[in-house]
Amino acid sequence: MIQAAGHADALRLDRLDASQTWQQRYEQSLMGVFGTPQELLTHGEGCWVVDSQGRELLDMLGGIAVNALGHAHPALVKGLAEQAGQLLHISNLFTSVPQMRLAEMLLNTAQAPDGSRVFFANSGSEANEAALKAVLRHRKQTGARRILALEGGFHGRTVGALSLTHKPAFRDPFGELIEGIEFLPPDDLDALENAFSAEAGAGGGVAGIFLEPIQGEAGVRPLSAQYLLRARELTRKHGALLVFDEVQTGIGRTGEWFRFQGAARELGERVPEEPVGASQEASDLTPDLMTLAKGLGSGVPVGALVAFGAESGALLGAGQHGSTFGGNPLAALAGQITLETIQSEGLLENTQRLGSQIAVGLRELPGVVEVRQFGLHLGADLAPSSYPGAQEPAKVLVTAARERYGLIINATGPHTIRLAPPLILNETDVQEFFARFGAAVRELSA
Ligand SMILES: *Cc1c(COP(=O)(O)O)cnc(C)c1O
C-alpha cells in the first residue's frame with residue numbers, strides 16, 4: 001500500500017550499530033519524559049504509517065490530532081519542497097507572502113471582525129503563553145486580579161500554560177506556578193455564575209477565563225453551547241477576556257473550522273458555508289482570544305493566537321511579545337496549504353460524514369458504553385467490567401490494537417479511548433478501522 005522508498009534509508013543508522021535495539025538507543029539518548037515509545041516509524045502515506053519491521057499501521061490518532069492532511073500529502077510535499085528552495089526562515093524583521101496569507105485565512109475562517117490580528121507561535125503551549133500574556137496585560141491595565149480555568153483542562157506544559165492546566169500530576173512536581181488562577185468544575189453554570197458574583201469579586205475582578213470548548217485530553221468532553229454562551233455574556237458584562245483554547249478542536253477537527261462555530265450553530269446561529277475569503281458577520285460566541293496549533297500545520301509546528309476585534313488585537317503592543325521562528329515562511333506555508341486543502345478537498349464535510357459513521361459503528365461494539373463525537377474528534381468510554389482482570393481496559397485495548405491488529409489509537413484515561421484521525425480519512429480506511437478495532441474488542445471481551 002505504501003512505497004518502500006525511504007524505509008531502508010531511515011534505518012541505515014541502525015545497521016551501523018546492530019548490537020543495540022532502537023529502544024536501547026532511545027533510552028540512552030532521549031530524556032525520559034515520554035517513557036519508551038511504542039514503535040519506531042519510518043514513513044507513511046495517507047492514514048497509514050510503517051514501523052521498523054515494515055509493518056503497516058492504520059493511524060487513527062494522526063499524531064494526536066495533528067496530521068490533518070495525513071502523511072505525505074502531495075500538496076504539502078510539493079509546496080514545502082518548493083518553499084525550502086526559496087526561503088525557510090527570515091526572522092520577524094521581515095515578512096513573507098505565506099505569513100500574511102495564513103493570517104488572513106485564519107481571520108476569514110474565524111469570522112473575525114475588523115481590527116482582529118494574528119500572532120504566530122510554534123506550538124499550542126506557546127500560543128497559550130501569548131494569550132496569557134495578553135490576559136496579564138489586561139489584568140495590569142484593569143486591576144482585575146483573577147484568572148479562571150477549568151478542572152480537567154489542558155493548556156500545555158510551559159510554565160504559563162501549565163499554570164492554567166489543572167491536573168496535579170502535571171503541576172505538583174514544580175511547586176509554585178503563576179498565581180491568581182482559579183479552577184472551576186467544567187460545564188457547571190452555577191460555578192461559573194458564582195465566580196463572577198459580587199462575593200467572589202471581593203477577591204478581585206476576573207481578568208480572563210481560559211476554556212477548551214471540548215476538553216480533549218480529558219477524553220473529548222464538550223462544554224455545552226449554553227455554557228459557552230453564558231461565559232461569553234458574563235465576560236462581556238464584567239469586562240473580562242474570553243479565551244478559547246482551540247489547539248485541539250480548531251482547523252476542521254470537529255467538522256467546522258472552529259468548535260465555537262459549531263456550538264454557535266447548535267444555538268441556532270448561521271455559520272457561513274464558504275468561509276475562506278468571504279467576509280462574514282461575527283458569531284455570538286466569538287471569543288476575545290483563540291489559540292490554535294496541532295492541526296494547523298498538518299505536522300509542521302505552527303501555533304497561532306487570534307485576537308478578535310481592535311481592542312484584543314492591540315493588547316500586545318510593539319516589543320511586548322515575540323518569537324524567533326513564529327510564522328516563518330515554511331511553517332506559514334504549511335498552514336496555508338492545510339487550510340486550502342481542507343477547503344478544496346471538501347474535508348469539513350468529509351469529517352462530519354465519516355465521524356458520524358464511526359460513532360454509529362462504535363456504539364454497536366460490545367463493552368462501549370458511551371461515545372462522544374464531534375467530526376473526527378471522538379472519545380469512547382469502555383464499561384469498567386470490560387476485559388476481565390484489566391484495571392485499565394482502555395490501555396489494554398490500545399496495546400492489543402497496535403500489536404495484534406496494526407491500529408493506532410490512544411487512551412486518555414483508564415476507561416476512555418480517543419480517535420483523532422487525519423481529516424483526509426476515506427471510506428476504505430473506516431472499513432479497515434472497524435475490521436481491526438472490532439477484532440481487537442472481540443478478542444478482549446471473549
Ligand atoms: C495539545 C494541546 C495544547 C498544548 O500544545 P503543545 O503543542 O503540545 O504545546 C494546549 N491546549 C490544548 C487544548 C491541547 O490539546
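Further up the page is the structure itself.
Reading guide: rules and limits
Residues numbered from 1 in each chain as written. Predicted model: local features only at pLDDT ≥ 70, side-chain atom pairs only at ≥ 80, totals over all residues. Heavy atoms only, no water. Near = heavy atom within 4 Å. Polar contact = N/O pair within 3.5 Å; in protein donor to acceptor, adjacent residues only side chain to side chain. Helix = DSSP H or I, 4+ residues; strand = E, 2+ residues; numbered from the N terminus. Contact = heavy atoms within 4.5 Å. Core = buried A, V, L, I, M, F, W, Y, C linked by side-chain atoms within 4.5 Å. Buried < 20%, exposed > 50% of the residue type's maximum accessible area, 1.4 Å probe, protein only. Pairing = 2+ DSSP bridges. Axes fitted to C-alpha atoms, helices over the stretch in contact; angles between N-to-C directions. Phe/Tyr/Trp six-rings, centres within 6.5 Å; stacked < 30°, edge-to-face > 60°. Patch = residues over 30% accessible without salt bridge, like charges linked within 9 Å, V, L, I, M, F, W, Y side chains within 5 Å. Areas by Shrake-Rupley, 256 points an atom, 1.4 Å probe, with all protein chains shown as cover. Salt bridge = Lys/Arg side-chain N within 4 Å of Asp/Glu carboxyl O.

Student: Could you give an account of the site of the ligand, with specific residues and numbers?
Tutor: Within the structure, the ligand sits among Ser 123, Gly 124, Ser 125, Asn 128, Phe 154, His 155, Gly 156, Glu 212, Asp 245, Val 247, Gln 248 and Lys 294. Between the ligand and Ser 125, the relevant distance is 2.6 Å, taken from an oxygen atom to a side-chain nitrogen or oxygen of the residue. Asp 245 places a side-chain nitrogen or oxygen 2.7 Å from a nitrogen atom of the ligand.

Student: Hey, could you go over the environment of Ala 149 for me, with residue numbers and the actual values?
Tutor: When you line up the elements, Ala 149 lands in strand E5 (residues 146–150). Considered as a pair, Ala 149 and Ser 163 are 14 residues apart in the sequence and their alpha carbons are 9.4 Å apart. Once residues lying within four places of it in the same chain are set aside, the contact partners of Ala 149 are Leu 164, Ile 181, Glu 182, Phe 183, Leu 184 and Phe 210.

Student: Report on the nonpolar core, specifying residues and quantitative values.
Tutor: With 91 residues, the main nonpolar core has Leu 211, Ile 358, Leu 362, Ile 409, Phe 433 and Phe 437 as its most contacted residues. With residues near it in sequence (within four places) discarded, Phe 433 still touches Leu 58, Met 60, Ile 358, Leu 362, Leu 407, Ile 409, Leu 419 and Gly 438. Core analysis: the next-biggest nonpolar cluster, separate from the first, contains 18 residues, Ala 131, Phe 210, Leu 241 and Val 243 among them.

Student: Got a sec to walk through the sheet that holds strand E12 (residues 303–307)? Specific residues and values, please.
Tutor: A sheet is described by the order of its strands in space; here seven strands give the open sequence E4-E12-E11-E10-E7-E5-E6, paired in mixed fashion. Both outer strands of the open sheet, strand E4 (117–121) and strand E6 (181–184), are each paired with one neighbouring strand and no more. The mean angle between the axes of side-by-side strands here comes to 20°, regardless of whether they run parallel or antiparallel. Inspection of the sheet shows E5 paired to E6 by four bridges, in the parallel sense. Bridge pairing links Ala 149 to Phe 183 in E6.

Student: An account of the packing of aromatic side chains is requested, with residue identities and associated values reported.
Tutor: Applying the stated criterion across every chain, the model contains six aromatic pairs. Ring plane angle 10° and centroid distance 6.2 Å describe the contact between Phe 258 and Phe 260, whose orientation is recorded as stacked. No difference in accessibility class separates Phe 258 from Phe 260, as the two residues are buried. Relative to Phe 437, the ring of Phe 433 has its centre 5.1 Å away and its plane inclined at 15°; by these criteria the two rings are stacked.

Student: Hey, could you go over a nonpolar patch on the surface for me, with residue numbers and the actual values?
Tutor: Judged by side-chain polarity, Met 31, Val 33 and Phe 34 come together as a nonpolar surface patch covering roughly 430 Å² of accessible area. Within the fold, Met 31 resides in the loop between helix H2 (22–29) and strand E1 (41–45). Residue Met 31 is classed as exposed on the basis of its relative accessible area of 67%.

Student: Just give me the short version of the sheet that holds strand E16 (residues 410–413), but keep the residues and values in it.
Tutor: Here four strands make up an open sheet; going across it, the order is E13-E14-E17-E16 and the pairing antiparallel. Taken across any chain shown, the strands that pair with only one partner, and hence form the sheet edges, are strand E13 (368–374) and E16. In this sheet, neighbouring strand axes are inclined to one another by 25° on average, regardless of whether the strands run parallel or antiparallel.

Student: Please set out the pairing of E13 residue by residue, giving values where relevant.
Tutor: Across six bridges, the pairing between E13 and strand E14 (residues 377–382) is antiparallel. Each bridged residue has a counterpart across the sheet, and for Glu 370 the counterpart in E14 is Asp 381. Taking the residues that link successive antiparallel strands as the turn, the E13-E14 hairpin has two residues, and the phi of Gly 375 there is positive, at about 60°.

Student: Describe unusual backbone geometry, and please don't skip the residues or the numbers.
Tutor: Here Ala 72, not a glycine, exhibits a phi torsion of approximately 55°, which is positive. One non-glycine residue, Ser 91, adopts positive backbone phi at about 75°. With respect to the element layout, Ser 91 can be found in the loop between helix H4 (74–84) and helix H5 (97–109). In this structure Ser 91 comes out as partly exposed when scored by relative accessible area, which is 24%.

Student: Tell me what's going on with the pattern of salt bridges, and back it up with residues and numbers.
Tutor: Counted under the stated rule, the structure contains 20 salt bridges. With its nearest N and O atoms 3.6 Å apart, the salt bridge here joins Arg 55 to Asp 51. The class of Arg 55 is partly exposed, set by a relative accessible area of 28%. Its relative accessible area of 1% is what places Asp 51 among the buried residues. Across the pair Arg 232 and Asp 288 runs a salt bridge, and its minimum N-O distance is 2.9 Å.

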